[in-house]
Amino acid sequence: MPEVFRTQRFVEFSDTDMAGIAHFSAFFRYMESAEHALLRSLGLSVFQSHGDDLAISFPRVNAECDYASPVRCEDVLDIEVAITRLGGKSITYRFEMTCGGVEVATGAMTSVCCRIEPGKPPVAVPLPDEIAEKLRPFVAG
Ligand SMILES: CC(C)(COP(=O)(O)OP(=O)(O)OC[C@H]1O[C@@H](n2cnc3c(N)ncnc32)[C@H](O)[C@@H]1OP(=O)(O)O)[C@@H](O)C(=O)NCCC(=O)NCCSC(=O)c1cc(O)c2ccccc2c1O
């Protein structure tokens, strides 16, 4: 059985719109912070410095979300994170967000492992083995 990472997220007042419900864009921040929490739980980071002039980081190349039911300020979201594809250079995550057992939203995001050097655009590089091995248990069949 693949592992699923679980985390929670409080719906802040600043996440909501004039209708009093969480704005669609807030869910992209929820997904992003859940991804970061998964990496931290594995002793990894979304930004790993290697001296002053080189870093490995994970720009996103795709993000999407389907919305099933609204949430409001002070609701608590339960977020499950799984990996649907661990590629040579990229990681695709799936996020299932519920509130009190009710389906709220389902999303996906693809992050690409990149070399970041000052003044240069990111360059996609193979995922380091150390990172791939830590993420492999979360790959859903
Ligand atoms: C990221 C790029 C430099 C990649 O360049 P390119 O696409 O030319 O590279 P490859 O062809 O080698 O492909 C690499 C890899 O990506 C997969 N891929 C590419 N496009 C897609 C796509 N649309 N959907 C799914 N997958 C895609 C491809 O299959 C390869 O994977 P394999 O596993 O199969 O090898 C270049 O695309 C680029 O610069 N894009 C722009 C990136 C960008 O500006 N994104 C928006 C802002 S980034 C962001 O918001 C962000 C959020 C965070 O939370 C961060 C956290 C920490 C650090 C950084 C963050 C961050 O930047």
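Procedures and definitions
- Residues numbered from 1 in each chain as written.
- Predicted model: local features only at pLDDT ≥ 70, side-chain atom pairs only at ≥ 80, totals over all residues.
- Heavy atoms only, no water.
- Helix = DSSP H or I, 4+ residues; strand = E, 2+ residues; numbered from the N terminus.
- Buried < 20%, exposed > 50% of the residue type's maximum accessible area, 1.4 Å probe, protein only.
- Contact = heavy atoms within 4.5 Å.
- Pairing = 2+ DSSP bridges.
- Axes fitted to C-alpha atoms, helices over the stretch in contact; angles between N-to-C directions.
- Phe/Tyr/Trp six-rings, centres within 6.5 Å; stacked < 30°, edge-to-face > 60°.
- Near = heavy atom within 4 Å.
- Polar contact = N/O pair within 3.5 Å; in protein donor to acceptor, adjacent residues only side chain to side chain.
- Nonpolar A, V, L, I, M, F, W, Y, C, P; charged D, E, K, R; others polar.

A.B. asks: Looking at this structure, how should I read unusual backbone geometry?
C.D. replies: What you tend to see is this: most non-glycine residues have negative phi, and most peptide bonds are trans. Positive phi values are uncommon outside glycine, yet Glu74 reaches one of about 80 degrees. Its place among the elements puts Glu74 in the loop between strand S4 (60-67) and strand S5 (76-86). Looking at Glu74, the relative accessible area reads 57%, which means it is exposed.

A.B. asks: Would you explain the side chain of Asp15 in this entry?
C.D. replies: In this structure, Asp15 sits in the loop between strand S1 (5-10) and helix H1 (26-41). Beyond its immediate stretch of four places on either side in the chain, Asp15 contacts Phe10, Ile21, Ala22, His23, Ala26, Arg29 and Tyr30.

A.B. asks: Can you help me understand the sheet that holds strand S7 (residues 102-112) in this one?
C.D. replies: For sheets, the rule is that strands pair by backbone hydrogen bonds, running either parallel or antiparallel. Ordered by their spatial adjacency, five strands build an open sheet running S1-S5-S6-S7-S4, and the pairing between neighbours is antiparallel. Bordering the open sheet on either side are S1 and S4, each of which pairs with just one other strand. When the angles between neighbouring strand axes are averaged without regard to direction, this sheet yields 20 degrees. Across six bridges, the pairing between S1 and S5 is antiparallel. Across the sheet, residue Thr7 finds its bridge partner in S5, namely Ile79. Seen against the sheet, H1 touches S1, S4, S5, strand S6 (90-99) and S7 and runs at an angle of roughly 120 degrees to S4.

A.B. asks: How do you make sense of the packing of aromatic side chains when you look at a structure like this?
C.D. replies: Aromatic ring pairs: the centre-centre distance and the angle between the two ring planes describe each pair. In the structure shown here, the tally under the stated rule is three aromatic pairs. Considering the side-chain rings of Phe27 and Tyr67, the 5.1 Å spacing of their centres and the 75 degrees angle between planes classify their relative orientation as edge-to-face. With Phe27 in helix H1 and Tyr67 in strand S4, the pair connects residues that are 40 residues apart, well separated along the chain. The class for Phe27 is buried, based on a relative accessible area of 3%.

A.B. asks: Honestly, the site of the ligand in this entry has me stumped. Any pointers?
C.D. replies: Neighbouring the ligand are 19 residues; Glu32, Ser57, Arg60, Arg85 and Ser90 lie closest to it. The side chain of Arg85 places a nitrogen or oxygen atom 3.0 Å from an oxygen atom of the ligand. In this structure, Gly88 approaches the ligand through a main-chain N or O atom, which is 3.0 Å from an oxygen atom. At the level of elements, H1, S4 and S7 are the ones that each hand at least two residues to the shell around the ligand. No other element matches S4, which puts three residues into the shell around the ligand. When the residues that make up the shell around the ligand are grouped by side-chain class, the tally is eight nonpolar, seven polar and four charged.

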